[in-house]
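Residue-level structural notes
Read off the chains here:
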Amino acid sequence: MDEPIAEREITPAVSENSKHAYWMKEALKMAETALEHGETPVGCILVYEDKIVGRGMNDTNRSMNGTRHAEFLAIAEMLLSYPKSALNSTDLYVTVEPCIMCASALRQYRIRSVYFGCANDRFGGTGGVLNIHSDHSIDPPYPVYGGLFQKEAIMLLRRFYIQENDKAPKPRPKRNRELNTAFDSVPEIGTAINEGDELPSS
Amino acid sequence: MNVEEIVKAIEPLKGEVVPVRTIQETRPPEDFADAIVAEVNVKAASKVIKVLDAAFPRDASMGHLRRFAKRTMLPDHLLQEIEADTSAPANNGQTIFVVIPPPLPDVESLQELLAPFAPVPRRRSSATPPANPPLRSPEPQPPQIRILKTQVPIYPPFTAAQGEKWTKTMWPVVFNPAAPRSTVAPPPQVLTRVQESIRPRSGFYLALARKVAEESKQTGRGRGVGAVIVDPSIEDRLENQAWRDDTDSTDRWMDAVVSVGGDVRYARSEAGASSQTDLHSGVAPNPASTIYDPDLEGGPDLHALMRAAELVARRRREEGDHLSQYDDSILPVIATDPQLSTKLSPLESHFLYEVCGQSANPEPENSVATPLSPKKRKHEEANPEIAMASLDVNLEATDSVDPLTTLPAPPPPTAAIAIPESTPVIGYVCSPPDFWGCSSPPETSRIRTRSQGGYLCTGLDIYLSHEPCLCCSMGMLLSRFRAVIFPRAGRMQGGGIASEPVVHPTPGDWNSDSVAEDEQDDEIEGREYYGLHWRKELNWRALGFEFVETDGAGEDWEVDVAEEGDGEDLAFHA
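Residues numbered from 1 in each chain as written. Chains lettered and ligands numbered in written order. Predicted model: local features only at pLDDT ≥ 70, side-chain atom pairs only at ≥ 80, totals over all residues.

An unreviewed UniProt entry lists chain B under the name CMP/dCMP-type deaminase domain-containing protein, from Penicillium cataractarum.

The name given to chain A in an unreviewed UniProt entry is tRNA(adenine(34)) deaminase, with the source organism recorded as Penicillium cataractarum. Checking UniProt for chain A, the heading Sequence similarities (unreviewed entry) contains the comment "Belongs to the cytidine and deoxycytidylate deaminase family. ADAT2 subfamily." (UniProt positions renumbered as here; feature names shortened; annotations may be inferred.)

See the structure below:
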């Protein structure tokens with residue numbers, strides 16, 4: 001698949017009883033939609049002045065373009081109605097930690113802050129592999145808050161990866177796979193779970 | 001001059017192609033861990049090894065640590081500690097020190113384990129008995145093993161100098177020049193082959209990238225940044241053709257270009273307002289390019305690399321009925337063409353559509369079936385780092401109703417790279433007229449369709465006028481390019497590929513221990529070095545090359561096309 005994600009549970013930075021929870025649930029709905037349409041289940045929304053102004057989901061299979069991640073689609077939708085400068089006052093809620101590409105794009109677009117679900121140990125750009133949000137750059141840094149509804153985000157990914165990937169040129173048989181519904185107790189930041197989950201990568 | 005004439009008139013950049021070293025090559029990872037050092041009887045050394053290996057299975061990645069050190073080889077801090085320690089019983093000097101790397105056992109069980117191999121106490125001369133021998137318990141005390149703590153490097157040394165430094169300050173290590181490379185850099189033979197394959201025509205493709213850049217700038221659509229995507233398998237065929245015809249294999253360099261993309265960061269409308277391009281129609285370059293105002297910079301999805309890759313995707317989406325299985329109402333925004341992939345410049349349009357089926361097609365369509373042109377490309381050499389599109393094209397697949405079920409497999413990331421020396425290769429396959437499923441005249445594309453094994457930009461090379469920004473560099477990896485090439489003069493402060501400052505006249509100088517030097521230069525240049533093309537942490541890797549122009553020829557161009565403003569370098573994302 002286009003975005004092999006090694007998801008990881010982390011200590012949540014914000015409470016599941018906060019207003020952030022409401023927005024993250026909206027992002028999860030987009031990830032559900034992605035799953036229904038054969039895309040890697042990553043979803044996101046952009047919130048500006050307490051309104052959803054953009055929605056995105058992974059679109060790499062439909063578009064046949066490996067760079068069409070959820071964040072780009074949400075930003076494109078927002079820019080239909082708002083100027084780029086509004087992103088300065090906009091927050092992103094995304095079910096999986098932004099990859100390095102998206103982490104850099106969000107900085108160039110000057111997002112105000114990023115809330116994500118599970119961490120991405122393979123491609124994550126906001127702590128997973130690199131720290132693109134805070135590294136030295138010509139654009140100002142942005143804060144990230146991870147861990148909100150990460151179990152839900154991880155389950156979506158597991159449901160996806162257990163499928164036979166009939167969009168990949170050579171589907172890999174996965175008949176013997178069973179959906180892993182178990183979670184370890186939430187570990188401290190920096191510990192990985194789920195390492196045995198071999199993800200399709202093409 | 002029409003586009004074809006412009007392309008024919010292109011003069012190649014002159015210079016040489018040099019690999020961009022990986023981050024791990026330029027910044028050998030340094031990480032240290034606590035280790036235990038124990039003093040044992042030198043005569044029991046081999047027994048000590050057996051006992052230790054049985055009790056604490058050895059971590060093979062610690063092979064660079066010497067197992068034993070004589071007292072004279074110990075680092076100073078351990079020697080001083082030993083000399084300062086008067087409590088330990090003196091021994092006969094027939095001892096050796098063994099290191100126990102992490103994971104560390106607890107000291108008590110280690111004492112117990114090593115007790116049988118304790119140093120032999122020094123025989124005291126009767127002339128100097130202890131003044132007041134302490135009363136001893138009837139049972140003899142178990143011999144105490146001297147236990148010391150030190151730090152050890154958990155990675156092997158990258159340079160002889162680093163090895164010496166660690167030996168002096170931590171614990172003796174072995175420097176093996178061949179050892180570190182395999183885990184931190186692409187296999188040298190793969191690097192050399194790809195370098196050789198891109199060398200003959202890279203000057204042309206980079207010159208074309210600059211033409212595309214100039215077009216973006218002169219139309220006010222974007223900054224002067226351009227990208228050119230090349231299919232190396234077509235290049236292989238050009239080489240073979242030229243060899244057969246006894247012609248210059250660079251003559252038809254343009255035939256291997258599958259897509260070009262220009263920067264269009266000023267051309268997208270936001271909130272229904274006029275774009276910067278429309279606001280300053282007829283003014284070139286766009287006034288927004290004289291400054292870095294993030295609000296006017298569009299976004300990285302409008303950068304040259306992202307657009308070139310999107311044009312490949314767009315061309316492929318037009319194949320068959322791929323899109324009919326999707327409902328655009330789920331994500332209405334995709335219908336708005338956010339990357340402006342339908343608004344093609346003359347050069348973009350020329351390479352995506354117009355040239356197809358003409359000069360690019362020197363071989364008859366059926367030649368792929370002749371014995372001279374084997375259908376299958378052999379995977380000659382295992383390379384876990386780079387995969388290349390399999391060209392095991394099933395020609396019969398073109399008759400299939402459902403191309404998805406007959407797709408050949410692109411190799412997993414562990415598959416082989418295939419760069420045959422002499423095998424003629426099917427670069428693209430001309431399709432029968434009914435292939436596109438429409439009545440319009442068939443267009444043969446240089447872009448392999450899905451049914452021909454085309455998948456993202458797998459196996460393709462991308463040439464850029466500038467170092468791509470960090471976002472585009474990761475987009476390059478996600479698109480599965482084989483290699484990325486840009487002129488050194490086009491390095492950018494926000495770039496994602498360069499791995500070190502330009503200080504070494506000969507990149508690849510392995511024995512210079514220049515880490516400290518590099519760190520200083522970082523501060524001077526004020527940029528991060530990501531070397532994103534090849535990072536061992538990421539599960540897709542590409543090869544990166546810089547084109548070093550002779551006589552600093554690129555500097556003039558740089559000022560002319562890329563750097564507006566007042567002659568100072570203007571930082572922006574390319």
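Next, the rest of the story.
**Considering the overall build of chain B**
Looking only at helices and strands, one finds 15 helices and ten strands in chain B. Burial status across chain B gives 45% buried among its 574 residues. A fraction of 81% describes how many contacts in chain B between residues 6 or more apart in sequence connect residues 24 or more apart. (Helix = DSSP H or I, 4+ residues; strand = E, 2+ residues; numbered from the N terminus. Buried ≥ 20, exposed ≤ 12 C-beta atoms within 10 Å, placed from the backbone. Contact = placed C-beta atoms within 7 Å.)

**Topic: the interface of chain B and chain A**
The interface of chain B with chain A comprises 46 residues on the first partner and 45 residues on the second. The set of elements that each furnish at least two residues to the side of chain B that touches chain A consists of α11 (304-317) and α13 (470-478) of chain B. Considering each element in turn, the side of chain B that touches chain A owes the most residues, six residues, to α11(B). Grouping the constituent residues of the side of chain B that touches chain A by class yields 28 nonpolar, eight polar and ten charged. (Nonpolar A, V, L, I, M, F, W, Y, C, P; charged D, E, K, R; others polar.)

**Looking at the packing of α11(B) against α13(B)**
Residues and elements named next belong to chain B. Where α11 contacts α13, the two axes come as close as 9 Å, and the packing angle between them is 25°. If you check the angle between α11 and α13, you find them roughly parallel. Of the two elements, α11 crosses α13, and the hand of that crossing is left-handed. Here L305, M306 and A309 of α11 lie close against α13, whose contacting residues are C472, G475 and M476. Residues of the contact of α11 with α13, tallied by class, amount to five nonpolar, one polar and no charged. (Axes fitted to C-alpha atoms, helices over the stretch in contact; angles between N-to-C directions. Parallel < 35°, antiparallel > 145°, perpendicular 65-115°, else oblique. Left-handed = near helix turned anticlockwise from the far one by under 90°.)

**Structural notes on the pairing of strand β4 (residues 95-100) of chain B**
All names here are of chain B. For β4, a buried count of six out of six residues is recorded, marking the element as mostly surrounded by other parts of the structure. Note: strand β2 (residues 32-41) against β4, six bridges, orientation antiparallel. By the bridge assignment for β4, V37 is matched with V99. Looking at chain direction, strand β3 (residues 68-69) and β4 are connected through two bridges and run antiparallel. (Pairing = 2+ DSSP bridges.)

**What to know about the environment of B:C469**
Residue and element names in this part refer to chain B. Structurally, C469 can be placed in the loop between β8 (461-464) and α13. Assessed through the 29 C-beta atoms surrounding it within 10 Å, C469 is described here as buried. A sequence separation of 305 residues divides C469 from E164, and the C-alpha atoms of the two residues are 38 Å apart.

**Things to note about the sheet that holds β8(B)**
Residues and elements named next belong to chain B. Within the open sheet, the six strands sit side by side as β1-β10-β9-β8-β6-β7. Their pairing is mixed. Across the chains shown, the open sheet's two edge strands, defined by having one partner strand only, are β1 (15-19) and β7 (257-262). Shown here is a sheet whose adjacent strand axes are inclined to one another by a mean of 20°, direction ignored. Pairing between strand β9 (residues 483-487) and strand β10 (residues 543-549): five bridges, direction parallel. Bridge assignment links A483 to a residue of β10, and that residue is L543. The strands that α11 touches are β6 (226-230), β7 and β8; relative to β7, the one it contacts most, it runs at about 135°.

**Some thoughts on the nonpolar core**
All names here are of chain B. Core analysis: the biggest nonpolar cluster contains 138 residues, and A227, V228 and I462 have the highest contact counts within it. Here the element with the most residues in this core is helix α8 (residues 188-218); it accounts for eleven residues. Leave out the neighbours within four places in its chain, and A227 touches A209, V212, V260, G261, A304, L305, A308, I462 and L464. Of all hydrophobic cores here, the second largest spans 23 residues; its members include A35, V37, L65 and W171. (Core = buried A, V, L, I, M, F, W, Y, C linked by C-beta atoms within 7 Å.)

**Points about unusual backbone geometry**
Residue and element names in this part refer to chain B. Following P102, the chain continues to P103 via a peptide bond in cis, the omega torsion being 0°. Within the fold, P103 resides in the loop between β4 and α5 (107-114). The peptide bond linking A284 to P285 adopts the cis configuration, its omega dihedral lying at -10°. With respect to the helices and strands, the residue P285 is situated in the loop between α10 (276-279) and α11. Phi at D337 is positive, roughly 55°, even though this residue is not glycine. Tracing the sequence through the fold places D337 in the loop between α11 and α12 (346-354). With a phi angle near 70°, R480 is a residue other than glycine that sits in the positive phi range. Relative to the helices and strands, R480 is located in the loop between α13 and β9. Assessed through the 25 C-beta atoms surrounding it within 10 Å, R480 is described here as buried.

**Topic: the sheet that holds β2(B)**
All names here are of chain B. Judged by pairing direction, the sheet is antiparallel, and its four strands sit side by side in the order β3-β4-β2-β5 without closing on themselves. Across the chains shown, the open sheet's two edge strands, defined by having one partner strand only, are β3 and β5 (147-153). Strands in contact with α5 are β2, β4 and β5; relative to β2, the strand with the most contacts, it is inclined by about 30°.

**Some details on the UniProt feature "domain: CMP/dCMP-type deaminase" (unreviewed entry) in chain A**
The positions that UniProt labels "domain: CMP/dCMP-type deaminase" (unreviewed entry) are, in the present scheme, residues 18-130 of chain A. Helix makes up 38% of residues 18-130 of chain A and strand 25%. Its end C-alpha atoms lie 28 Å apart.

**Considerations on helix α1 (residues 19-36) of chain A**
Residue and element names in this part refer to chain A. For α1, with 18 residues, the first-to-last C-alpha span of 27 Å sits near the 26 Å given by 1.5 Å per residue. Those residues of α1 that fall on the buried side of the exposure criterion are H20, W23, M24, A27, L28, M30, A31, A34 and L35. With its buried residues spanning 155° around the axis, α1 presents them on a single face. Those residues of α1 that are exposed and angled more than 90 degrees off the buried face are K19, Y22 and E36. Residues of α1 that are buried make contact with β2 (43-48), β3 (51-57), α3 (70-81), β4 (90-96), β5 (113-120) and α5 (150-161). Positive backbone phi, at 75°, marks G38, one or two positions downstream of α1. (Expected span 1.5 Å × (residues − 1). Arc of directions from axis to C-beta.)

**Details of the packing of α1(A) against α5(A)**
All names here are of chain A. Running from amino to carboxyl end, α1 crosses α5 at an angle of 0°, the nearest separation of the two axes being 10 Å. Classed by the angle they form, the pair α1 and α5 counts as roughly parallel. Contacts between α1 and α5 involve L28, A31, E32 and L35 on the former and, on the latter, E152, A153, L156, R159 and F160. Classifying every residue of the contact of α1 with α5 gives six nonpolar, no polar and three charged.

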